[in-house]
Amino acid sequence: MASAEVTAGDEDGGGGGGRVRGRRGCEHYDRGCFLKTPCCGKLYICRLCHDNKEDHSLDRFKVKEVQCIQCGKLQNAQKTCEECGTVFGEYYCDICHLFDKDKKQYHCEKCGICRIGPKEEFFHCLKCNLCLSLSLEGHHKCIENVSRQNCPICLEDIHTSRVVAHVLPCGHLLHRWVKGLFLGYRCPLCMHSALDMTRYWRQLDNEVAQTPMPTEYQNMTVEILCNDCSARSTVQFHILGMKCKSCESYNTAQDGGRRIPLDSSDQPC
């Protein structure tokens, strides 16, 4: 399976901007109200505006009241101001208390948060516990609760991030923005090949064939473990790489000492 950027991002992940009457929203959101935080009673445009300035986190689900940016009316959380008719958000979720312009968002009950859609282009994988592109339905490797861990590169949360996740062939996830920083060819979690390496393996075949080992190493064998198919095999040692006998991948690791046949020496190196 080729890797693809196919997870649905969390819609409520932005922040920034303080309380300024009449200024609509912040750099991340087009919304017409402030949230009254149930934890400290202050007014913030979004939960991360709050989290960036306070020493505690705002629980988005516990928000009950909002203040209109136009008339200042404090009222129950709802889509439209009951006093002046200001629309707080083209999209409003009364569970997450998310207000924003329409981005074809939808609330996924199984994820527990709002996602950027459109909804009909995604499905919720029960084992991965994550919304994925329909193109992956029945065609991806499931890892239980895969998004409930941090990105292994930037160490930021994946499940509630607005940043789209990059799905590797092994099923693990990386944030899209760190993909360009990911210089290796293997998943940093399981060491499985994260790219289609077929052409490179065939090139390595040629390089191995054209690079004979010194005489004292020509009969040396080594036990290897393949990171791609998990097969174990005994192969001829070569400094450029050792190919798995099962899947022909060079993504292998030495799994034991090097040995020379008994007619030369019966001692491990």
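To start, this report covers the structure provided alongside it.

Rules behind the numbers
Residues numbered from 1 in each chain as written. Predicted model: local features only at pLDDT ≥ 70, side-chain atom pairs only at ≥ 80, totals over all residues. Heavy atoms only, no water. Helix = DSSP H or I, 4+ residues; strand = E, 2+ residues; numbered from the N terminus. Buried < 20%, exposed > 50% of the residue type's maximum accessible area, 1.4 Å probe, protein only. Lys, Arg positive; Asp, Glu negative; His and termini not counted. Salt bridge = Lys/Arg side-chain N within 4 Å of Asp/Glu carboxyl O. Contact = heavy atoms within 4.5 Å. Core = buried A, V, L, I, M, F, W, Y, C linked by side-chain atoms within 4.5 Å. Pairing = 2+ DSSP bridges. Axes fitted to C-alpha atoms, helices over the stretch in contact; angles between N-to-C directions. Phe/Tyr/Trp six-rings, centres within 6.5 Å; stacked < 30°, edge-to-face > 60°.

**Points about the side chain of aspartate 51**
Then step 1. When you line up the elements, aspartate 51 lands in helix H1 (residues 47-53).
Then step 2. Here aspartate 51 is buried and forms no salt bridge, its nearest opposite-charge partner arginine 47 lying at an N-O distance of 4.2 Å.
Then step 3. Those residues in contact with aspartate 51 that lie beyond four places of it in its chain are His56, Ser57 and Leu58.

**Some details on the nonpolar core**
Then step 1. If you look at the biggest cluster of nonpolar residues, it comprises 20 residues, and the most contacted ones within it are Cys93, Cys96, Leu98 and Cys114.
Then step 2. Where this core is concerned, the elements lending two or more residues are strand E2 (43-44), strand E5 (91-93), strand E7 (105-108) and strand E8 (113-116).
Then step 3. Formed by 19 residues, the second largest nonpolar core is a distinct cluster that contains Phe123, Cys125, Leu173 and Leu174.

**A closer look at the sheet that holds strand E4 (residues 74-76)**
Then step 1. Across the sheet, which stays open at both edges, the four strands sit in the order E2-E1-E3-E4 with antiparallel pairing between neighbours. Bordering the open sheet on either side are E2 and E4, each of which pairs with just one other strand.
Then step 2. Note: strand E1 (residues 33-36) against strand E3 (residues 65-68), four bridges, orientation antiparallel. Bridge pairing in E3 places phenylalanine 34 opposite glutamine 67.

**Focus on the environment of leucine 35**
Then step 1. Within the fold, leucine 35 resides in strand E1.
Then step 2. Apart from the residues within four sequence positions on either side, leucine 35 is in contact with Lys42, Leu43, Tyr44, Ile45, Cys46, Arg47, Leu58, Val63, Glu65, Val66, His97 and Phe99.

**Some points on the pairing of E1**
Then step 1. Sheet topology places E1 next to E2; two bridges connect them, and they run antiparallel. Residue pairing across strands places lysine 36 opposite leucine 43, the latter belonging to E2.

**Section: the sheet that holds strand E15 (residues 252-254)**
Then step 1. The three strands lie next to each other as E14-E13-E15, forming an open sheet whose pairing is antiparallel. Looking at which strands have only one partner, the edges of the open sheet turn out to be strand E14 (232-236) and E15. Each adjacent strand pair in this sheet contributes to an overall mean axis angle of 40 degrees, direction not counted.

**Section: the pattern of salt bridges**
Side-chain pairs of opposite charge can arise whenever the charged atoms involved come near each other.
Then step 1. Summed over the entire model, instances satisfying the criterion amount to six salt bridges.
Then step 2. Close ionic contact of aspartate 255 with arginine 232 constitutes a salt bridge, the shortest N to O distance being 2.0 Å. Here arginine 232 lies in strand E14 and aspartate 255 lies in the segment after E15, a separation of 23 residues in the sequence.
Then step 3. The class of aspartate 255 is partly exposed, set by a relative accessible area of 32%.

**Focus: the environment of glutamate 82**
Then step 1. With respect to the helices and strands, the residue glutamate 82 is situated in the loop between E4 and E5.
Then step 2. C-alpha of glutamate 82 to C-alpha of cysteine 68: the two residues are 14 residues apart in sequence and 9.2 Å apart in space.
Then step 3. When near neighbours in sequence (up to four residues on either side) are disregarded, glutamate 82 contacts Lys73 and Gln75.

**Describing the packing of aromatic side chains**
Aromatic rings in a pair are described by how distant their centres are and how their planes are angled relative to each other.
Then step 1. Applying the stated criterion across every chain yields a total of six aromatic pairs.
Then step 2. Look at phenylalanine 88 and phenylalanine 99: their rings are 6.0 Å apart centre to centre, the planes differ by 80 degrees, and that puts the pair in the edge-to-face class. Remark: phenylalanine 99 occurs in strand E6 (residues 98-100) and phenylalanine 88 occurs in the loop between E4 and E5; sequence separation between them is 11 residues.
Then step 3. Of the residues examined, phenylalanine 99 reaches a relative accessible area of 0% and is grouped as buried.
Then step 4. Seen from their ring centres, tyrosine 200 and tryptophan 201 are 5.6 Å apart, and the 55 degrees between their planes marks the pair as tilted.
Then step 5. Here tyrosine 200 falls in the partly exposed class, since its relative accessible area comes to 40%.

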